[in-house]
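Chain residues, written in single-letter form:
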Amino acid sequence: MKKKLVFATNNAHKLSEIRAMLGEKIELLSLADIDCHDEIPETAETLEENALQKARYIHERYGFDCFADDTGLEVEELGGGPGVHTARYAYPDRCDPVANTQRLLRELTKKSNRRAQFRTAIALIENGEEHLFEGVVRGYIATEERGTDGFGYDPVFSPEETGLTFAELGVETKNKISHRARAVEKLCRHLLGE
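Undergrad: Explain the overall build of the chain here, please?
TA: Tallying secondary structure elements over the chain gives 6 helices and 7 strands in all. The helix and strand sequence of the chain, counted from the amino end, reads β-α-β-α-β-β-α-β-β-β-α-α-α. Taken against the 2.2 N^0.38 rule, which gives 16 Å for 194 residues, the C-alpha radius of gyration of the chain at 17 Å falls within 12% of a compact globule. Once the C-alpha set of the chain is aligned to its principal axes, its extents read approximately 55 × 30 × 25 Å. Counting across all 194 residues of the chain, residues that qualify as buried make up 47%. For the chain, contacts bridging at least 24 residues in sequence account for 52% of all contacts bridging at least 6. Carbon and sulfur atoms provide 46% of the accessible area of the chain, an area that totals close to 10,200 Å². Computed over 26 positive and 35 negative side-chain charges, the separation of the two mean positions in the chain equals 3 Å.

In structure tokens:
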């Protein structure tokens, strides 16, 4: 019998990407698949704690082995911010990607240190044990938006040694080198015993 594992998301793109990496060995379920329509809390102060909070929520209420992720943009000049507030950087009560990017560019106006990194933390609860996986991509914040592919901060985040923003690299290239891809690769190696 195939092992069942819940990914605490309803993001179809993330699900299909990880299903493809896991192959036939594991049946990956979404929140909708287990009839979870709750607003899962994310109130912690670190990416790791937020991911664990979501995974524990599903594990405790639904009884499945599961994993959850959280991602943040960490900018040196902003003391590691926006970090856990990445999605709600411009407005604490809602996600507005355009406003978030505009605020970031405003705050870095005339700043010479534009170094930044995107970081993804994945928390897995498997057989009652908790595991954490991290993926990081380092780079810098461009002085203006460039490119049309991607979403969120993709038009202003430029990974090291590319000279291009994620939005200029395109979704396929971004997905191969991104922070999430690196964390997911570690998760999949663990799950598949590699």
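Undergrad: I keep staring at the side chain of Arg 180 and nothing clicks. Help me out?
TA: Secondary-structure assignment places Arg 180 in helix H6 (residues 179-191). Aside from chain neighbours lying at most four places away, what touches Arg 180 is His 13, Lys 14, Glu 17, Asp 69 and Thr 120.

Undergrad: Whenever I open this one, the nonpolar core confuses me. Can you help?
TA: Side chains of nonpolar character tend, in soluble globular proteins, to be buried together. Core analysis: the largest hydrophobic core is formed by 17 residues, its most contacted members being Ile 18, Leu 22, Leu 28 and Phe 67. Of all the secondary-structure elements, those providing two or more residues to this core are strand S1 (3-7), helix H1 (12-22), strand S2 (26-29), strand S5 (115-126) and H6. The dominant element in this core, judged by the number of residues it contributes, is H6, at 5 residues. Not counting residues up to four positions away in its chain, the partners in contact with Leu 22 are Leu 28, Cys 188, Leu 191 and Leu 192. Formed by 16 residues, the second largest nonpolar core is a distinct cluster that contains Ile 34, Leu 52, Tyr 57 and Ala 68.

Undergrad: Can you walk me through the packing of aromatic side chains in this structure?
TA: Where two aromatic rings form a pair, the distance of their centres and the angle of their planes describe that pair. Here the structure, examined in full by the defined rule, presents 5 aromatic pairs. Ring centres of Phe 118 and Tyr 153 lie 6.4 Å apart, and the angle between their planes is 65°; on these two criteria the pair is classed as edge-to-face. Of this pair, Phe 118 sits in strand S5 while Tyr 153 sits in the loop between strand S6 (129-141) and strand S7 (157-159), and the two are 35 residues apart along the sequence. Overall, Phe 118 belongs to the buried group, its relative accessible area being 6%. Among the residues examined, Tyr 153 registers a relative accessible area of 6% and is labelled buried. Aromatic pair Phe 118 and Phe 157: ring centres 5.0 Å apart, planes at 70°, arrangement edge-to-face. One end of the pair, Phe 118, is in strand S5; the other, Phe 157, is in strand S7, and 39 residues separate them in sequence.

Quick notes on the rules
- Residues numbered from 1 in each chain as written.
- Predicted model: local features only at pLDDT ≥ 70, side-chain atom pairs only at ≥ 80, totals over all residues.
- Heavy atoms only, no water.
- Helix = DSSP H or I, 4+ residues; strand = E, 2+ residues; numbered from the N terminus.
- Rg over C-alpha atoms; globule rule 2.2 N^0.38 Å.
- Buried < 20%, exposed > 50% of the residue type's maximum accessible area, 1.4 Å probe, protein only.
- Contact = heavy atoms within 4.5 Å.
- Areas by Shrake-Rupley, 256 points an atom, 1.4 Å probe, with all protein chains shown as cover.
- Lys, Arg positive; Asp, Glu negative; His and termini not counted.
- Charge placed at Lys NZ, Arg CZ, Asp CG, Glu CD.
- Core = buried A, V, L, I, M, F, W, Y, C linked by side-chain atoms within 4.5 Å.
- Phe/Tyr/Trp six-rings, centres within 6.5 Å; stacked < 30°, edge-to-face > 60°.

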